[in-house]
Amino acid sequence: MNADATKSTDLEARIRELTPIQYDVTQHAGTERAFTGTYWDHHADGTYRCIVCRTPLFDSSTKFESGTGWPSFFDVVSNEAIARKEDRTFGMRRVELNCATCGAHLGHLFPDGPRPTGERYCINSASLDFEPRPAAG
Ligand SMILES: [Zn+2]
């Protein structure tokens, strides 16, 4: 069985289904305008997955109110799920965040988050797909 080939075909199909803003953000490292995304003021209990490949990236228990207008998290579901790289565009030194599985651009990491991690994962709603947690029982 060739899992990689299957996966890439699925990914191509998923990318074709993206909305224009989802495509711009995930495939061209765009940024949605603050306070315009689906999830900046979203407080339901569940998991935020990569919009392209569905890998779980963030949990609602680590989401916090940053006041920035973008969904903000202080931790990740798994360190392996997210790739970090230095981004020097716009004359700033930032850490760009990408989905480690499919390469989709997610947002940026800043060192001014709340405890316990002190990290702020500033993520575009357009990169995320929310899955509500099933009710207990
Ligand atoms: Zn992905």
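Residues numbered from 1 in each chain as written. Predicted model: local features only at pLDDT ≥ 70, side-chain atom pairs only at ≥ 80, totals over all residues. Heavy atoms only, no water.

What am I meant to see in the coordination of the zinc ion here?
Four donors placed tetrahedrally about a metal ideally form angles of 109.5 degrees, and six donors placed octahedrally ideally form angles of 90 or 180 degrees. Those donors, C50 (SG), C53 (SG), C99 (SG) and C102 (SG), are the protein atoms that reach the zinc ion, and they lie 2.2 to 2.3 Å from it. Within one chain, the residues serving as donors to the zinc ion are arranged as C-x2-C-x45-C-x2-C. By relative accessible area, C102 is classed as partly exposed at 25%. (Donors = N, O, S within 2.8 Å, 3.2 Å for Na, K, Ca; no water. Buried < 20%, exposed > 50% of the residue type's maximum accessible area, 1.4 Å probe, protein only.)

How should I be thinking about helix α2 (residues 20–28) in this particular structure?
Think of an α-helix as turning once every 3.6 residues; residues three or four places apart then point the same way. Those residues of α2 not exposed but buried are Q22, V25 and T26. An end-on view of α2 places all buried positions within 85° of arc, on one side of the element. Of the exposed residues in α2, the ones pointing more than 90 degrees away from its buried face are P20 and H28. On its buried side, α2 packs onto β7 (105–110). Trailing α2 by a residue or two, A29 shows a phi angle of about 55°, which is positive. (Helix = DSSP H or I, 4+ residues; strand = E, 2+ residues; numbered from the N terminus. Arc of directions from axis to C-beta. Contact = heavy atoms within 4.5 Å.)

Just checking my understanding: could you explain the packing of aromatic side chains for this structure?
Centre distance and the angle of the planes are the two values used to describe a pair of aromatic rings. By the definition in use, this model includes 8 aromatic pairs. A centroid spacing of 6.3 Å and a plane angle of 50° characterise the contact between Y39 and F130, whose relative ring orientation is tilted. Highlighted residues: Y39 in the loop between α2 and β1 (46–50) and F130 in strand β9 (residues 128–132), separated in sequence by 91 residues. For the pair Y39 and F130, one class covers both residues: buried. When the ring of F64 is compared with that of F74, the centres are 6.4 Å apart and the planes differ by 40°; the resulting orientation is tilted. One end of the pair, F64, is in strand β3 (residues 63–64); the other, F74, is in the loop between β4 (72–73) and β5 (82–87), with 10 residues separating them in the sequence. Owing to a relative accessible area of 18%, F64 belongs among the buried residues under this scheme. On the basis of relative accessibility, which here comes to 17%, the residue F74 falls in the buried class. Within the aromatic cluster, the residues linked to one another by ring pairs are Y39, Y48, F58, F73, Y121 and F130. (Phe/Tyr/Trp six-rings, centres within 6.5 Å; stacked < 30°, edge-to-face > 60°.)

Help me understand the nonpolar core, please; the structure alone is not making it clear to me.
A general tendency of soluble globular proteins is for nonpolar side chains to be buried together. Grouped together as the largest cluster of nonpolar side chains are 23 residues, with contacts concentrated most on L57, F58, I82, Y121, I123 and L128. The set of elements that each furnish at least two residues to this core consists of β1, β2 (56–59), β6 (94–99), β7, β8 (120–123) and β9. For F58, the contacting residues outside a window of four places in its chain are T47, Y48, F73, D75, V76, V77, I82, Y121, I123 and L128. (Core = buried A, V, L, I, M, F, W, Y, C linked by side-chain atoms within 4.5 Å.)

Would you take a moment to explain the pattern of salt bridges for this structure?
Note that side chains of opposite charge can pair when their charged atoms are close. Taken as a whole and judged by the stated rule, the model has 10 salt bridges. The salt bridge involving D87 is made with R94; its shortest N-O contact spans 3.5 Å. The pair formed by D87 and R94 is uniform in burial state, with each residue classed as buried. Each of D45, D59 and R133 takes part in salt bridges that share partners, so that together they form one network. (Salt bridge = Lys/Arg side-chain N within 4 Å of Asp/Glu carboxyl O.)

What should I look at first to understand the side chain of D59 in this one?
With respect to the element layout, D59 can be found in strand β2. Classification of D59 as buried rests on a relative accessible area of 17%. Reaching out from D59, the side chain makes a polar contact with the side chain of S61 at a distance of 2.7 Å. At 3.0 Å, the side chain of D59 and the side chain of R133 are in polar contact. (Polar contact = N/O pair within 3.5 Å; in protein donor to acceptor, adjacent residues only side chain to side chain.)

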